[in-house]
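# Coordinate analysis (summary)
Residue strings, one per chain:
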Amino acid sequence: MRKEIALIVVDLQNDFCPGGSLPVKNGDKIIPKINKLIDRFTENSLPVILTRDWHPSDHCSFIRNGGPWPEHCIQNTWGARFHPDLKVPKGAIIISKATQAEKEAYSGFDGTDLASRLRSLGVNKVVVTGLATDYCVKNTVLDALNLGFQVILPKDCTKGVNVKPKDTAEAFMQMKKAGAKLTYSRFFLNEFTGHAASSSSS
Ligand code: VGL
Ligand code: ZN
């Protein structure tokens, strides 16, 4: 079976959820919906990619070093772990990003081998979910489009930080303008059933 579509779950880590150091309001509420997507991709032997923010303890994005953010997602700490409710499947591909002290990287493609991993799996379309809509999700989606991948974005499977109140709404508009297909996970899953059925019968 060709694996033309992959699921990308961006940064669903403890520090970005309530109780973490850089919490996205209701960030954990999207997890059950993402788990449903993970189940469907796994059942159909389709790739599931999890990105994680994976900073050294002296990362440049931290306020202490002149950056905009409190310390978060420090390598091998509780805050950097995936949220315990997330059903990380066996065989998931884990992509660590922003691993160098002096370099910020919001996109899962920035400084990683994500694009070549996807291409070698025959993937040309990605479904992007996770945190945060207005930072790492947005940058991952825009890079994916620039790299020639089609992008589906289920709006109910992502949440934003909203440093400014309209940031998430603006991020959705920007991603749509750039060519992402915005939808909701229930609509996507309905179409996906057809996709999976037709590819297994051919
Ligand atoms: C993120 C702020 C800082 C994100 C990562 O995952 O959206 N936001 N580092
Ligand atoms: Zn970060």
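Preceding this section is the structure that the text describes.
Okay, so let's go over this structure. (Residues numbered from 1 in each chain as written. Chains lettered and ligands numbered in written order. Predicted model: local features only at pLDDT ≥ 70, side-chain atom pairs only at ≥ 80, totals over all residues. Heavy atoms only, no water.)

## Focus: the pattern of salt bridges
Going through the model one piece at a time under the given rule, you end up with 9 salt bridges. Note that Arg-117 is salt-bridged to Asp-113, the shortest N-O span being 3.9 Å. When its relative accessible area of 33% is taken as the criterion, Arg-117 is described as partly exposed. On the basis of relative accessibility, which here comes to 38%, the residue Asp-113 falls in the partly exposed class. (Salt bridge = Lys/Arg side-chain N within 4 Å of Asp/Glu carboxyl O. Buried < 20%, exposed > 50% of the residue type's maximum accessible area, 1.4 Å probe, protein only.)

## Remarks on the nonpolar core
By size, the foremost hydrophobic cluster in this structure holds 32 residues, and its most contacted members are Phe-41, Leu-86 and Phe-188. Only β1 (5-10), α1 (31-43), β2 (48-53), β4 (125-131) and α5 (185-201) provide two or more residues apiece to this core. By residue number, the principal contributor to this core is α1, which donates 5 residues. Ignoring sequence-local partners within four residues, the contact set of Phe-188 consists of Ile-5, Leu-37, Phe-41, Val-127, Ile-152 and Thr-183. (Core = buried A, V, L, I, M, F, W, Y, C linked by side-chain atoms within 4.5 Å. Helix = DSSP H or I, 4+ residues; strand = E, 2+ residues; numbered from the N terminus. Contact = heavy atoms within 4.5 Å.)

## Quick notes on the pairing of β1
Regular strands have side chains that alternate between both faces of the sheet. Most of β1 sits out of view: 6 of its 6 residues are buried. Along β1, one buried face is formed by Ile-5, Leu-7 and Val-9 and the opposite face, lined by Ala-6, Ile-8 and Val-10, is buried too. Relative to β2, β1 runs parallel, the two being bridged by 4 bridges. Among the inter-strand pairings, Val-10 is bridged to a residue of β2, identified as Thr-51. Between the parallel pair β1 and β2, the chain is carried across by α1, and the sense of this crossover is right-handed. (Pairing = 2+ DSSP bridges. Right-handed = clockwise from strand over helix to strand, strands pointing away.)

## Description of the pairing of β4
Counting buried residues in β4 gives 6 out of 7 residues, a clear majority hidden from the surface. The sheet contact formed by β1 and β4 spans 6 bridges and is parallel. Paired with Val-9 across the bridge in β4 is Thr-129. Note that β4 and strand β5 (residues 150-154) share 3 bridges and pair parallel. When the bridges of β5 are listed, Lys-125 appears paired with Gln-150. In this view, the connection linking β4 to its parallel neighbour β5 by way of helix α3 (residues 133-146) has right-handed handedness. Bridge count for β4 against strand β6 (residues 158-159) is 2 bridges, and the pairing is parallel. Bridge pairing links Gly-130 to Thr-158 in β6.

## Focus: the coordination of the zinc ion (ligand 2)
Six octahedrally arranged donors around a metal ideally form angles of 90 or 180 degrees; four tetrahedrally arranged donors ideally form angles of 109.5 degrees. At the metal site, the zinc ion (ligand 2) is ligated by Asp-53 (OD), His-55 (NE2) and His-72 (NE2), and these contacts range over 2.0 to 2.2 Å. Relative to the metal, the 4 donor atoms surrounding the zinc ion (ligand 2) lie at angles of 85 to 171°, and the coordination shape comes out irregular. Here the donor residues of the zinc ion (ligand 2) share one chain and are spaced in sequence as D-x1-H-x16-H. Of this pair, His-55 sits in the loop between β2 and β3 (93-97) while His-72 sits in the loop between β2 and β3, and the two are 17 residues apart along the sequence. For the pair shown, His-55 and His-72 are each scored as buried. (Donors = N, O, S within 2.8 Å, 3.2 Å for Na, K, Ca; no water. Tetrahedral: all angles 85-135°; square planar, octahedral: opposite > 155°, others 65-115°.)

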